[in-house]
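Breakdown of the fold
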Amino acid sequence: MSWLLWCVLSAIAVEMIIQYCIMRAAYPVLFAPMPDRFNLIGTLAQLPENDEHIQIRDVSFPTTDGLMLHGFIATPAAAHPKGVILFCHPFKSTGRIALFQCQGLLEAGFAVFSFDFRNHGESETDSRYQSIHWLSQYELNDARSAIQYLRTQPELSQLPLGMLGMSRGAGTALAVAAKAPEIQFVACEGAFLNEELFLDHAIRWGERFLPRLFIQIVPTSEVIRAFRIMIWYSQRRQGCRYINLKPRVKLLKNRNLLFFTGEKDQSVVPRMTQLIVKRIHNAHITICSLPGAIHNAGRFAQMEKFDSALIDFFSQMVEHSSQREELGFPEPSTTPADPLPRKRSA
């Protein structure tokens, strides 16, 4: 064999060794849930279930692929709601936490529609799909089915519609809104892009499994290549297709977006929000930083600031809708509105 062939074989062997080391260390990150130092289920004890000012109606609705999802619609008892917010819960939680997360919105006169994603809470289980904290096509299907159901409710279907999501639910809200021009207002907590989040975790936590020198000398491109191989295998194992948000968030131009970031969030560090924001052009973007907040605990840590930001944000949705009606403009159906761009921080 010529020396050139030996060089090629040696390069292939080195590449395979590098990929094996990266995958052995990083593959569990794909399946291990993000560190959960704050138990969202603990907020269930604080839900306003018996609040006489709120009416809660349990509902069930089908998905386009035949599952039944469970949810509820909460409305102010004394007045007609000014708008409706579709809430998308995070992985390993239920839609019931919307009564805690959206309590300020309910008190401000908004209706809240929340549901359990498949394989969660009281919704049916999809035997084909093993859900993890990565966003798949099934969460998008569930959220779109929820919107279709909402359109069958006469008392809510004509109200301005916004979305609020947490972690994986935040990705769901962004991805669905990107293809639904009628949804002009989206609020998120703990949103992330899969590839960037994986790379961040691999770099920060890789030293638990690999020597520091190895982490420092391995090119980022090798880690990304390993990630894509693992994603391919993981999709086959979990029975799904993971959603790449990168091309989708570009479609959110001319939208109104609110991002909550926890300053002490080690699962989805604040930089992850900046990586999303820089991909969205000509949008009204507000970033609300929450001191002391860890992952999914923004309202728990900064209740007043969290509620105030949400109410102010979705109140703009109501004003925007009213102005369009007064001017005789139809609600967006195929193309988004085109307001002047601005960016600000809360």
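The rules we used
Sequence order sets the numbering: in each chain, residues are counted from 1 along the sequence as written. Two thresholds apply to this predicted model, a pLDDT of at least 70 for residue-level local features and 80 or more for giving and counting side-chain atom pairs, whereas whole-chain, interface and lining totals are computed over all residues. No hydrogens and no water enter the side-chain calculation; it runs on all heavy atoms of the structure. Each salt bridge in this description consists of a side-chain nitrogen of Lys or Arg and a carboxyl oxygen of Asp or Glu lying within 4 Å of one another. The secondary structure listing takes helices from DSSP runs of H or I that are at least 4 residues long and strands from runs of E that are at least 2 residues long, numbered from the N terminus. Here the term buried applies to any residue with accessible area under 20% of the maximum for its type, exposed to any over 50%, and partly exposed to those in between, with areas from a 1.4 Å probe on protein chains only. By the convention used here, residues are in contact when the closest approach between their heavy atoms is within 4.5 Å. Each patch is assembled from residues with relative accessible area greater than 30% and no salt bridge, linking like charges that lie within 9 Å and nonpolar side chains (Val, Leu, Ile, Met, Phe, Trp, Tyr) that lie within 5 Å. Here the accessible surface of atoms and residues is derived via Shrake-Rupley with a 1.4 Å probe, and residues count as covered only by protein chains that are part of the display.

Side chains bearing opposite charge may pair, as long as their charged atoms lie close to each other. As enumerated under the stated definition, the model contains 13 salt bridges in all. Here Lys246 makes a salt bridge to Glu196, at a shortest N to O gap of 2.9 Å. Here Lys246 is found in helix H10 (residues 245-249), whereas its partner Glu196 is found in helix H7 (residues 194-205), with 50 residues between them in sequence. For Lys246, a relative accessible area of 16% translates into the label buried. Judged by its relative accessible area of 15%, Glu196 is buried. A cluster of three or more residues bridged by salt bridges with shared partners is formed by Asp65, Arg118, Asp126, Arg128 and Asp142.

Residue placement: Tyr129 occurs in the loop between strand S4 (111-115) and helix H4 (137-150). A relative accessible area of 3% means that Tyr129 is categorised as buried. Separated by 108 residues in sequence, Tyr129 and Arg237 have C-alpha atoms that sit 8.9 Å apart. What Tyr129 contacts, discounting residues up to four positions off in sequence, is Arg118, Asn119, Trp134, Ser136, Tyr138, Glu139, Arg168, Gln238, Gly239 and Cys240.

So, on to helix H6 (residues 168-178). Most of H6 is tucked away: eleven of the eleven residues are buried. For H6, the complete set of buried residues consists of Arg168, Gly169, Ala170, Gly171, Thr172, Ala173, Leu174, Ala175, Val176, Ala177 and Ala178. Where H6 is buried, its residues contact strand S3 (84-88), H4, strand S5 (161-166), strand S6 (185-189), H10 and strand S7 (256-262).

Moving on to a nonpolar patch on the surface. On the surface, Trp3, Leu4, Leu5, Trp6, Val8, Leu9, Ile12 and Met16 cluster together into a nonpolar patch covering about 860 Å² of accessible area. Examined against the element boundaries, Leu5 turns out to sit in helix H1 (residues 3-31).

Okay, unusual backbone geometry next. With a phi angle near 55 degrees, Ser167 is a residue other than glycine that sits in the positive phi range. Positionally, Ser167 belongs in the loop between S5 and H6.

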